[in-house]
Amino acid sequence: MGSNSVEDMIEASSGVHFSGFHMDGLESKIIEKPTTSPGAENVHKQPFIIGVAGGAASGKTTVCDMIIQQLHDQRVVLVNQDSFYHNLTEEELARVHEYNFDHPDAFDTEKLLDSIENLRHDRAVDIPNYDFKSYKSNAFPARRVNPSDVIILEGILIFHDPRVRELMNMKIFVDTDADVRLARRIRRDTVDKGRDIGAVLDQYSKFVKPAFDDFILPTKKYADIIIPRGGDNHVAIDLIVQHIRTKLGQHDLCKIYSNLYVIQSTFQGLYIQVWISVRGYVVFRLLGVVRVWRMRCEHAAKVSRLAKFLFTGKVTMVSSLFMKNYRKTSQRGMYCYWILS
Ligand SMILES: Nc1ncnc2c1ncn2[C@@H]1O[C@H](COP(=O)(O)OP(=O)(O)O)[C@@H](O)[C@H]1O
Ligand SMILES: O=c1ccn([C@@H]2O[C@H](COP(=O)(O)O)[C@@H](O)[C@H]2O)c(=O)[nH]1
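Residues numbered from 1 in each chain as written. Chains lettered and ligands numbered in written order. Predicted model: local features only at pLDDT ≥ 70, side-chain atom pairs only at ≥ 80, totals over all residues. Heavy atoms only, no water.

J.: Before we go on, may I ask you to explain the overall build of the protein chain in this structure?
T.: Looking only at helices and strands, the protein chain has 11 helices and 11 strands in total. For the protein chain, the proportion of its 341 residues judged to be buried stands at 47%. Long-range contacts, defined as pairs at least 24 residues apart, comprise 71% of the intrachain contacts of the protein chain with a sequence gap of at least 6. Here the protein chain has roughly 17100 Å² of accessible surface; of this, 51% comes from carbon and sulfur atoms. (Helix = DSSP H or I, 4+ residues; strand = E, 2+ residues; numbered from the N terminus. Buried < 20%, exposed > 50% of the residue type's maximum accessible area, 1.4 Å probe, protein only. Contact = heavy atoms within 4.5 Å. Areas by Shrake-Rupley, 256 points an atom, 1.4 Å probe, with all protein chains shown as cover.)

J.: Any chance you could explain helix H2 (residues 60-70) here in plain terms?
T.: Two residues of an α-helix separated by three or four positions point the same way, owing to the 3.6 residues in each turn. If you check which residues of H2 are buried, you get Lys60, Val63, Cys64, Met66 and Ile67. For H2, the buried positions fall inside an angular range of 160° around the axis, keeping them on one side. (Arc of directions from axis to C-beta.)

J.: I'm lost on the sheet that holds strand S7 (residues 170-175) in this one. Help?
T.: Hydrogen bonds between backbone atoms are what pair the strands of a sheet, whose relative direction is either parallel or antiparallel. Overall, parallel pairing links the 5 strands, which are arranged S3-S6-S2-S7-S8 in an open sheet. What marks the edges here is a single partner per strand, and that holds for strand S3 (76-80) and strand S8 (225-228). On average, each strand axis in the sheet is tilted by 20° relative to the strand beside it, whichever way the strands run. (Pairing = 2+ DSSP bridges. Axes fitted to C-alpha atoms, helices over the stretch in contact; angles between N-to-C directions.)

J.: For this particular structure, what's the right way to read the site of ligand 1?
T.: The full set of residues close to ligand 1 is Gly55, Ala57, Ser58, Gly59, Lys60, Thr61, Thr62, Glu154, Arg184, Arg188 and Asp232. Contact between ligand 1 and Thr61: an oxygen atom at 2.5 Å from a side-chain N or O atom of the residue. Against a free-state accessible area of 550 Å², the protein chains account for coverage of 67% of ligand 1. Examining the composition of the shell around ligand 1, we find that 3 residues originate from one element, H2, more than from any other. Each residue belonging to the shell around ligand 1 can be placed in one class, and the counts come to 1 nonpolar, 5 polar and 5 charged. (Near = heavy atom within 4 Å. Polar contact = N/O pair within 3.5 Å; in protein donor to acceptor, adjacent residues only side chain to side chain. Nonpolar A, V, L, I, M, F, W, Y, C, P; charged D, E, K, R; others polar.)

J.: So what exactly am I meant to see when it comes to the environment of Ala124 here?
T.: Relative to the elements of secondary structure, Ala124 occurs in the loop between helix H4 (109-120) and strand S4 (125-127). Separated by 23 residues in sequence, Ala124 and Pro147 have C-alpha atoms that sit 5.7 Å apart. Every residue in contact with Ala124, bar those within four places of it in the chain, is listed here: Arg144, Val145, Asn146 and Pro147.

J.: Sorry, what's going on with the packing of helix H6 (residues 178-192) against helix H7 (residues 197-216) here?
T.: The angle between the axes and the distance between the axes are what describe a pair of packed helices. Here H6 crosses H7 at 140°, and the two axes come no closer than 11 Å. By the angle between their axes, H6 is oblique relative to H7. In the crossing of H6 with H7, the sense of the turn from one axis to the other is right-handed. Note on element contacts: H7 touches H6 through Ile197, Val200, Leu201, Gln203, Tyr204, Val208 and Phe212, opposite Ala178, Arg181, Leu182, Arg185, Ile186, Asp189 and Thr190. Its residues assigned to classes, the contact of H6 with H7 comprises 9 nonpolar, 2 polar and 3 charged. (Parallel < 35°, antiparallel > 145°, perpendicular 65-115°, else oblique. Left-handed = near helix turned anticlockwise from the far one by under 90°.)

J.: Is there a simple way to explain the pattern of salt bridges in this structure?
T.: When their charged atoms lie close together, side chains carrying opposite charge are able to pair. In the structure shown here, the tally under the stated rule is 12 salt bridges. The shortest N-O distance in the salt bridge between Arg75 and Asp149 comes to 3.6 Å. You can see Arg75 sitting in the loop between H2 and S3 and its partner Asp149 sitting in the loop between strand S5 (143-145) and strand S6 (150-154), a full 74 residues away along the chain. A salt bridge links Arg120 to Glu117, with the nearest nitrogen and oxygen atoms 3.4 Å apart. Here Arg120 and its partner Glu117 are both found in helix H4, 3 residues apart, which amounts to about one turn of the helix. According to the relative accessible area criterion, Glu117 is partly exposed, its value standing at 30%. The network of salt bridges with shared partners includes Arg185, Arg188, Asp189, Lys193 and Arg195. (Salt bridge = Lys/Arg side-chain N within 4 Å of Asp/Glu carboxyl O.)

J.: Is there a simple way to think about the site of ligand 2 in this case?
T.: Within the structure, ligand 2 sits among 15 residues, and Asp102, Tyr130, Arg185, Arg188 and Arg195 are positioned closest to it. At a separation of 2.7 Å, an oxygen atom of ligand 2 approaches a polar side-chain atom of Arg188. Arg195 has a polar side-chain atom sitting 2.7 Å from an oxygen atom of ligand 2. A breakdown of the residues in the shell around ligand 2 according to their chemical character gives 8 nonpolar, 1 polar and 6 charged.

J.: What am I meant to see in the pairing of S6 here?
T.: For S6, the buried fraction is high: 5 of the 5 residues fall into the buried class. The two faces of S6 match: Val150, Ile152 and Glu154 on one face and Ile151 and Leu153 on the other face are all buried. In this sheet, S6 lies alongside strand S2 (residues 48-54) in parallel orientation, the contact comprising 5 bridges. Following the sheet pairing, Gly51 is matched in S6 by Leu153. Bridging between S3 and S6 involves 5 bridges; their strand directions are parallel. Counted as the bridge partner of Val79 is Leu153 from S6.

J.: Any chance you could explain H7 here in plain terms?
T.: In a regular helix each residue adds 1.5 Å, so 20 residues correspond to 28 Å; H7 covers only 24 Å between its end C-alpha atoms and thus falls short of that length. Of all the residues in H7, the buried ones are Val200, Gln203, Tyr204, Phe207, Val208, Ala211, Phe212 and Ile216. Its side-chain oxygen 3.2 Å from the backbone nitrogen of Gly198, Asp196 forms the N-cap of H7. (Expected span 1.5 Å × (residues − 1).)

J.: Where do I start with the side chain of Asn118 in this structure?
T.: Within the secondary structure layout, Asn118 lies in helix H4. On the basis of relative accessibility, which here comes to 18%, the residue Asn118 falls in the buried class. A distance of 2.7 Å separates the side chain of Asn118 from the side chain of Arg123, its partner in a polar contact. Once residues lying within four places of it in the same chain are set aside, the contact partners of Asn118 are Arg123 and Val125.

Here you go:
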């Protein structure tokens, strides 16, 4: 029996309304539970925040650009930690070769947090344009950044501050060999920034390498994904983009429905794998195709009975859970809570 005909039968028998929302590849995993419960229409949409860390010249920007290119159907903004370098004082400027640009204190993390907080609350922000030649963050006009569906935060120490880390829905570490990073850095700093090679090597051994070992490498453990070889790793980037798309599907649901949970699937091999309850609406995955069915609780019982009939034995546990829950719960919004507890 094809999936369409099963879906048609269910829809016909229960009188459910199919919302048309597809989430191919939804995972059987518990995801976030928003804390507020406004209606679907006026709910505030939170952006999906991705952090990209790694050593200097590891290929972070390259990886971000590739991700942004592949996510062409999403509104994505890139916020670079470099934009939040502190302005150097006159004294520091006079002895710039002794300034450690690789230390966490070199960044204005409060300002970075403030900018992300504004973006999360749907407010546009002005991101400074740091100038590597004058060492000033106000040499050029700031860049106006509008709120977006996806925010990518990129920087050598973007995982260092726990407050910034906690805002991230996904953390990526670009892992490129030290000699490759150094070779790229020498080329970039001499050719693009017009620096003297001796000064570049001095800065590397005095600040860049020690800071990598002391501050950057220890944050690798926070990464959800580690990409060896940076932008050369097309397989990893394709997989990440695919994963982001999947997560965005789930994230969109969470943004729309305040008390949505995705329940860990314990019934491997079942046709109905994932159950989600959304304030009296039910979302489920059928024959590998994820569809969102919107139905009232009274219709849910009919669907449960039909599913049990169609997949005799296979959905007993799911449907009995479902039925038990349905009977016990008079309040629509309680349905999901009961299953998880
Ligand atoms: N896979 C690659 N192969 C060759 N050069 C690269 C590669 N990835 C990045 N680069 C170059 O290395 C330098 C640093 O890359 P970038 O992506 O800016 O790194 P980061 O943002 O980590 O500093 C740039 O000049 C870039 O063109
Ligand atoms: O004025 C500056 C500011 C920073 N740096 C170096 O830049 C890298 C970080 O930038 P990436 O784009 O992530 O490579 C860091 O190692 C700083 O040392 C600089 O040289 N001068």
